[in-house]
Amino acid sequence: MTIRIGLLGYGTVGKGVIEIIHSHQERIQALLGEPVEVTGVLVQHLKKKREIPSSILVTSDFDRLLLQDIDIVLEAIVGEEPSFTYCKKAIEQGKHVVTANKEMYAIHGKELKELASKHSVSVGYESTTVAGTPVIRTLQQLLQVNQVEKVEGILNGTSNFILTKMRQDGTSFEQSLKEAQQKGYAEADPTNDIKGYDAFYKLMNISELLYGKQPNWDDVYVEGIDRVDPTQILEASFMDKKIKHVATIEWKDGDVRASIQPISLTEHHPLYSIDGVQNGVVIHTDLAGPLTLSGPGAGASSTASGMIEDFITIFQQSYNNVHQFQ
Ligand SMILES: NC(=O)c1ccc[n+]([C@@H]2O[C@H](COP(=O)([O-])OP(=O)(O)OC[C@H]3O[C@@H](n4cnc5c(N)ncnc54)[C@H](OP(=O)(O)O)[C@@H]3O)[C@@H](O)[C@H]2O)c1
């Protein structure tokens, strides 16, 4: 039997998913014992020119995609809706879901997980948070025994690139942002990155996983990097410090506390050396001590990799009759 995938979105991430399924088919088959194919792709603009094999249905009608007898939906479209409605519908019809959509998942992740549990399917969301760098999986495994006291992260590569550029080249925020856009690291509308919202959604996904809840969104201090000026960076450098955009979540005084803001770090901090577009996460645990993971937090290959790893785990678990990521 073939495992059939319905793919939502054929942008940066969607294309990456199809490429990996093609380039790693042999490896995937060896792991799952069955061939895997994408049978349908959902897009918004049907008239766009795309190089998708004619054997794959390309549609803008989600119900038509579901009729394809698919086993799993890999979701890589943008924004809360219609992503949430589609994921919900897929789960209600007994399909597993893997998503890369941090915004949708920060808002509806809990509901989707509960629904998935009711329908005996799984939801994977590794790529919502630091793309394919396995932060979610690491936290899920650490949760077995270790108590995670705090997580600190550089969760947005665009912000990190801009701050690194300002420090290394003495350029202004505006110049550094322009370079990030020219290199394809920042969107034409970079608001979500530079105002801290992108990091905020990722942090909320970590919070939900770690503590089973999120802080009240209005109580989270969120400051982007758009007000950091070169003088602050220079002053930090004189004291051998670096200004980094750090998202922090911890359990304190019986509740979850979170903040996202530019902070100056000394060289002793594990995030000090995370420069450029790299992301980094420090997980403070009671038994294993502080653990640092670093890697790409975006990009076609890394993000699609996280989704495929989720996909593999879901099928391995379902063969073993173990349901549900946390
Ligand atoms: N890019 C990254 O590095 C990265 C990293 C981590 C997570 N993510 C997440 O992954 C998701 C996809 O990102 P991306 O960079 O691949 O975006 P993208 O390049 O803008 O592609 C989005 C795709 O979704 C389709 N789409 C958008 N709205 C739709 C709708 N209402 N109905 C059907 N299809 C729709 C678009 O269709 P058309 O092609 O017809 O326009 C396009 O194919 C986002 O949620 C993002 O936050 C991305």
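Residues numbered from 1 in each chain as written. Predicted model: local features only at pLDDT ≥ 70, side-chain atom pairs only at ≥ 80, totals over all residues. Heavy atoms only, no water.

Turning our eyes to something else, we now look at the site of the ligand. The environment of the ligand is made up of 22 residues, and the closest members are His45, Lys48, Arg50, Ile77 and Gly299. Measuring from an oxygen atom of the ligand, one finds a backbone N or O atom of Tyr10 at 2.8 Å. One of the backbone N or O atoms of His45 is found 2.6 Å from an oxygen atom in the ligand. Summarising the interface, the protein chains cover 81% of the accessible area of the ligand, which totals 900 Å² for the free molecule. (Near = heavy atom within 4 Å. Polar contact = N/O pair within 3.5 Å; in protein donor to acceptor, adjacent residues only side chain to side chain. Areas by Shrake-Rupley, 256 points an atom, 1.4 Å probe, with all protein chains shown as cover.)

As a further point, take the sheet that holds strand β4 (residues 72-75). The sheet built from 6 strands is open, its strands ordered β3-β2-β1-β4-β5-β6 with parallel pairing. Only two strands of the sheet have a single neighbouring strand rather than two, namely β3 (57-59) and β6 (123-124). Sheet topology places strand β1 (residues 3-8) next to β4; 4 bridges connect them, and they run parallel. For Leu7, the partnering residue across the bridge sits in β4 and is Leu74. On the sheet, helix α12 (residues 300-319) packs against β1, β2 (36-42), β4, β5 (96-99) and β6 and is oriented at approximately 155° with respect to β5. (Pairing = 2+ DSSP bridges. Helix = DSSP H or I, 4+ residues; strand = E, 2+ residues; numbered from the N terminus. Contact = heavy atoms within 4.5 Å. Axes fitted to C-alpha atoms, helices over the stretch in contact; angles between N-to-C directions.)

Another aspect to go through is the domain arrangement of the protein. By the assigned domains, the protein splits into domain 1 (3-132 + 301-319) and domain 2 (135-296). Taken over C-alpha atoms, the centre of domain 1 sits 27 Å from the centre of domain 2. Every contact between the two is made by 17 residues of domain 1 and, on the other side, 20 residues of domain 2. Overall, the association of domain 1 and domain 2 removes approximately 1,600 Å² of surface from exposure, summing both partners, and the carbon and sulfur fraction of that is 53%. At the junction of domain 1 and domain 2, the tally comes to 3 salt bridges. Where Lys102 meets Asp198, a salt bridge forms, and the shortest distance between an N and an O atom there is 3.0 Å. Between the two partners, domain 1 and domain 2, sit 10 residue pairs in polar contact (both at pLDDT 80 or more). Secondary structure elements with two or more residues in the side of domain 1 that touches domain 2: α5 (102-118) and α12. (Domains from an automatic or database assignment. Buried area = accessible area lost by both parts, 1.4 Å probe. Salt bridge = Lys/Arg side-chain N within 4 Å of Asp/Glu carboxyl O.)

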